[in-house]
Amino acid sequence: MTDTNRFQKGDVFWAPDPFRRGSNPRLWVVLAADLLPYPGEEYLCAALTTSNLPRNFEVGDDWVSGRDPTKTSYCSPWVVATIKHDAVVNPQGQVTESFADEMIAECKQYLGSQ
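Here goes a summary of the coordinates provided. (Residues numbered from 1 in each chain as written. Predicted model: local features only at pLDDT ≥ 70, side-chain atom pairs only at ≥ 80, totals over all residues. Heavy atoms only, no water.)

Digging into the packing of aromatic side chains
Right, so step 1: Taken as a whole and judged by the stated rule, the model has 4 aromatic pairs.
Right, so step 2: What links up through ring pairs into an aromatic cluster is the set Phe-7, Phe-13 and Tyr-43.
Right, so step 3: In this structure, Arg-26 is placed above the aromatic ring of Trp-28, and the distance from its NZ or CZ to the ring centre is 5.8 Å. (Phe/Tyr/Trp six-rings, centres within 6.5 Å; stacked < 30°, edge-to-face > 60°. Lys NZ or Arg CZ within 6 Å of the ring centre and 35° of its normal.)

Encoded structure:
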């Protein structure tokens, strides 16, 4: 996370899961921040999980900071959401820019060419 308190691509934070009612917060990796209509107020994110599901991508050595060495984290590039800055519960860390870029490319594949 930068000194401006704005999150950037690759930052990881805890925030509510909009797809589950009453659930605990989950980890999200920021895919886009400054290019959204309200920079610093919302972020386009992909979900992180500890479930090794098909088509998930292991974060592994792409953690820059914030890795829990007792758990393996995976990114689900088809589980995306816009997370409001005020909904962030706690910053967790950061993944490499190359991992974030790979998740962006994977996410785009799910959108297809319309």
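Moving on from the model shown.
Quick notes on the pattern of salt bridges
Right, so step 1: This model, assessed by the stated rule, comprises 5 salt bridges.
Right, so step 2: With a shortest N-O distance of 3.6 Å, Glu-97 and Lys-9 are connected by a salt bridge. Taken together, the positions of Glu-97 in helix α1 (residues 97–111) and Lys-9 in the segment before β1 (11–15) put the pair 88 residues apart, joining distant regions of the chain.
Right, so step 3: Between Arg-26 and Asp-17 there is a salt bridge; the shortest N-O distance is 2.8 Å. Taken as a pair, Arg-26 and Asp-17 share a single burial class, namely buried. (Salt bridge = Lys/Arg side-chain N within 4 Å of Asp/Glu carboxyl O. Helix = DSSP H or I, 4+ residues; strand = E, 2+ residues; numbered from the N terminus. Buried < 20%, exposed > 50% of the residue type's maximum accessible area, 1.4 Å probe, protein only.)

Quick notes on the environment of Asn-52
Right, so step 1: Tracing the backbone through its elements, the reader meets Asn-52 in the loop between β3 (42–49) and β4 (57–58).
Right, so step 2: Distance from Asn-52 to Glu-41, taken between C-alpha atoms, is 31 Å for residues 11 residues apart in sequence.

So, the sheet that holds β1
Right, so step 1: Pairing is antiparallel across the open sheet formed by 7 strands, whose spatial order is β4-β6-β3-β2-β1-β7-β5. Each of the sheet's edge strands pairs with one partner strand only, and the pair in question is β4 and β5 (63–65).
Right, so step 2: The pairing of β3 with strand β6 (residues 74–84) spans 8 bridges and is antiparallel. Paired with Ala-47 across the strands is Ser-76, a residue of β6.
Right, so step 3: Contacts between α1 and the sheet are confined to β2 (26–32), β4, β6 and β7 (90–95), with β6 contributing the most and set at about 90 degrees to the helix. (Pairing = 2+ DSSP bridges. Contact = heavy atoms within 4.5 Å. Axes fitted to C-alpha atoms, helices over the stretch in contact; angles between N-to-C directions.)

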